[in-house]
Amino acid sequence: MASTLSPSPKPSHIDIEGQTIDDVKVIDYAKRSQWLRAAVLGANDGLLSIAALMMGVGAVRKDSKTMILTGMAGLVAGACSMAIGEFVSVYSQYDIEVSQMKRENQYSTSDGKEEEARDDHLPNPWHAALASTLAFAAGAAVPLLGAAFIEDYVVRLVVIMVVVSLALLGFGGLAALLGGAHVVKSSLRMLVGGLLAMGITFGLTKSFGRIGI
């Protein structure tokens, strides 16, 4: 009599720690996109805006006090602008998604759990505004701290460029790690963009100063 063989179970993929693929928690990077976008945008904008602003002022004024005051004014104004801009932008997105959900619910038979799950994915304007503001201030503090205690004009400009370049690489790498992107490409992209912004601002302001504008 032929024996009846039960089908062998489908093998599970096992990692070096003995965990099956079902046991490994997969990170949903899409859930991070809302606050990550606001934080990265805020940090990058704060870093580049204040660094370029200070470099531009430094192109025509060599005293450290003017450069520091300019950077501090830019930090406050920029943080307020980022907070309001993010809040208004994300709130508009929130209103659109809520309106769409209401239209869909008129013809939907989904239960309360499904609706609650969808509500959890709605954008939060307060979170976006707070993340953007704090990130902007953190980014803006980098060139300010780099120039705060240096009196020599040339050394001050060099230090600002060095610390800003390192911060750009760091922010780019951190954003890539949190978002699951390529670290090197992200870091280099931010570095090149930042150096271009500072160089263009410095060069144009220097030219305006020479022609007496």
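Residues numbered from 1 in each chain as written. Predicted model: local features only at pLDDT ≥ 70, side-chain atom pairs only at ≥ 80, totals over all residues. Heavy atoms only, no water.

S.K.: So what exactly am I meant to see when it comes to the overall build of the chain here?
M.R.: Counting its regular elements, the chain contains six helices and zero strands. The order of α-helices and β-strands along the chain, N terminus first, is α-α-α-α-α-α. In the chain, which comprises 213 residues, the proportion classed as buried is 31%. Here the chain has roughly 13700 Å² of accessible surface; of this, 65% comes from carbon and sulfur atoms. (Helix = DSSP H or I, 4+ residues; strand = E, 2+ residues; numbered from the N terminus. Buried < 20%, exposed > 50% of the residue type's maximum accessible area, 1.4 Å probe, protein only. Areas by Shrake-Rupley, 256 points an atom, 1.4 Å probe, with all protein chains shown as cover.)

S.K.: Quick question: what am I supposed to make of the environment of Ala 175 here?
M.R.: Within the element layout of this structure, Ala 175 appears in helix H5 (residues 153-179). Between the alpha carbons of Ala 175 and Val 40 there is a distance of 6.6 Å; along the sequence they are 135 residues apart.

S.K.: Would you mind going over the pattern of salt bridges with me for this structure?
M.R.: Side chains bearing opposite charge may pair, as long as their charged atoms lie close to each other. Scanning the model with the defined rule gives one salt bridge in all. For Arg 61, the salt bridge goes to Asp 63, with nearest N and O atoms at 3.6 Å. (Salt bridge = Lys/Arg side-chain N within 4 Å of Asp/Glu carboxyl O.)

S.K.: Hey, could you run me through helix H4 (residues 125-147) in this one?
M.R.: Every α-helical turn comprises 3.6 residues, leaving residues that sit three or four positions apart pointing alike. Relative to the 33 Å expected for 23 residues at 1.5 Å per residue, H4 spans 34 Å between its end C-alpha atoms, a close match to the ideal helical length. Ala 141 marks where H4 bends most, by close to 25°; the proline Pro 143 follows one to four residues later. Capping of H4 at its N-terminal end is provided by Asn 124; its side-chain oxygen lies 2.9 Å from the backbone amide nitrogen of Trp 126. (Expected span 1.5 Å × (residues − 1). Bend = angle between axes of the 7 residues up to and from the residue. Polar contact = N/O pair within 3.5 Å; in protein donor to acceptor, adjacent residues only side chain to side chain.)

S.K.: Even after reading the chapter, I still don't get the nonpolar core, so can you show me in this structure?
M.R.: If you look at the biggest cluster of nonpolar residues, it comprises 23 residues, and the most contacted ones within it are Met 54, Ile 160 and Val 164. Of all the elements in the fold, those that place two or more residues in this core are helix H1 (33-58), helix H2 (64-105), H4, H5 and helix H6 (183-210). Non-local contacts of Val 164, meaning those with residues more than four positions away in its chain, are made with Leu 47, Ala 51, Val 142, Pro 143 and Met 198. (Core = buried A, V, L, I, M, F, W, Y, C linked by side-chain atoms within 4.5 Å. Contact = heavy atoms within 4.5 Å.)

S.K.: I would appreciate a short explanation of the UniProt feature "transmembrane region" (unreviewed entry) in the chain in the present structure.
M.R.: Within this numbering scheme, the UniProt entry marks residues 38-60, 67-91, 128-150, 157-181 and 187-205 as carrying the feature "transmembrane region" (unreviewed entry). Each end of residues 187-205 is marked by a C-alpha atom, and these two atoms are 27 Å apart; helix forms 100% of the span and strand 0%. (UniProt positions renumbered as here; feature names shortened; annotations may be inferred.)

S.K.: Help me understand the packing of aromatic side chains, please; the structure alone is not making it clear to me.
M.R.: We describe a pair of aromatic rings using the distance from one ring centre to the other and the angle between the two ring planes. Inspection of every chain in the model, using the stated rule, returns three aromatic pairs. Ring centres of Tyr 91 and Tyr 94 lie 5.7 Å apart, and the angle between their planes is 70°; this geometry places the pair in the edge-to-face category. A residue pair is termed a helical-turn pair when its members lie 3 or 4 positions apart in one helix, as Tyr 91 and Tyr 94 do in helix H2 at three residues. One aromatic cluster in this structure is built from Phe 87, Tyr 91, Tyr 94 and Trp 126. (Phe/Tyr/Trp six-rings, centres within 6.5 Å; stacked < 30°, edge-to-face > 60°.)

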